[in-house]
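Structural description and commentary
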Amino acid sequence: IKLGNITAMVGQVVIIAKGDVTQTDTSSITSQSDTSVTARCRDTCSPNVYYDITLLNTSNDFSNRATVDDELKITGKDVQLGSGDQINMGASTITGNLTLTSSDTITDNGIATVTGYLSATTDANNGVIDLGSLAVDGTIGLNTHGTGNATLVNDNGLTFAASTVGGNLNAIAT
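This write-up is about the structure you can find in this document.

Scoring rules and cut-offs
Residues numbered from 1 in each chain as written. Predicted model: local features only at pLDDT ≥ 70, side-chain atom pairs only at ≥ 80, totals over all residues. Heavy atoms only, no water. Helix = DSSP H or I, 4+ residues; strand = E, 2+ residues; numbered from the N terminus. Buried < 20%, exposed > 50% of the residue type's maximum accessible area, 1.4 Å probe, protein only. Contact = heavy atoms within 4.5 Å. Areas by Shrake-Rupley, 256 points an atom, 1.4 Å probe, with all protein chains shown as cover. Salt bridge = Lys/Arg side-chain N within 4 Å of Asp/Glu carboxyl O. Core = buried A, V, L, I, M, F, W, Y, C linked by side-chain atoms within 4.5 Å.

What follows deals with the overall build of the protein. The secondary structure content of the protein amounts to zero helices and 20 strands. With the principal axes as the frame, the protein shows a C-alpha extent of 45 × 35 × 25 Å. Within the protein, buried positions represent 45% of all 174 residues. Taking the intrachain contacts of the protein between residues at least 6 apart in sequence as the baseline, contacts between residues at least 24 apart amount to 24%. When the accessible surface of the protein is summed, it comes to about 7,800 Å², and 47% of that surface belongs to carbon and sulfur atoms.

Okay, structure coming up:
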């Protein structure tokens, strides 16, 4: 499915596809509540088949600044997400790699399970990465802008890819 502009000022955005999810080069997704994107074949496929999600436009806005609980919940294979605002990951299942790029902060409220690698980048001046509920099997790459801090907790050890954290790094493997 290829998405055009989506604006939801009230209520959730829920996208369910049995195939890849992308967006046009000039489109944006604006959600003032939770956003859920699922790219998966479950009922007619055995075993479950997951598909790619590529929503990289920096004009995307998955967050209402007045409410910090807005979550971005993802189910897919290789997932690439970009936002001109903060990204707050909710409970998610990624069977491949997860790439997050935010012009603000990157946080989480639920466990993001990632079979492959995680790459998280903030472009904002002193942007913060605070991911305390990770289940990443692969490497983790963190890039903050300026003096941004990074905090993460992963349930499966920690193997860092090339990373640049201008502020403090607090990393815990449970």
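Moving on from the model shown.
Attention now goes to the pattern of salt bridges. On inspection of all chains with the given rule, the structure shows two salt bridges. Notably, a salt bridge pairs K73 with D34, separated by 3.8 Å at the nearest N-O pair. Of this pair, K73 sits in strand β9 (residues 72–76) while D34 sits in the loop between β5 (29–31) and β6 (35–41), placing them 39 residues apart in sequence. For K73, a relative accessible area of 31% translates into the label partly exposed. Between K73 and E71 there is a salt bridge whose closest N-O contact spans 3.7 Å. Looking at E71, the relative accessible area reads 15%, which means it is buried.

Once that is clear, we can look at unusual backbone geometry. Within the chain, N126 stands out as a residue other than glycine whose phi angle is a positive 65°. With respect to the helices and strands, the residue N126 is situated in the loop between β16 (118–122) and β17 (129–136).

Among the nonpolar cores identified, the biggest contains 34 residues, and V21, I53, I74 and L81 are the most heavily contacted of them. Here the element with the most residues in this core is β17; it accounts for four residues. Not counting chain neighbours up to four residues away, the residues in contact with V21 comprise I1, L3, I15, V37, A39, D52, I53, T54 and L55.

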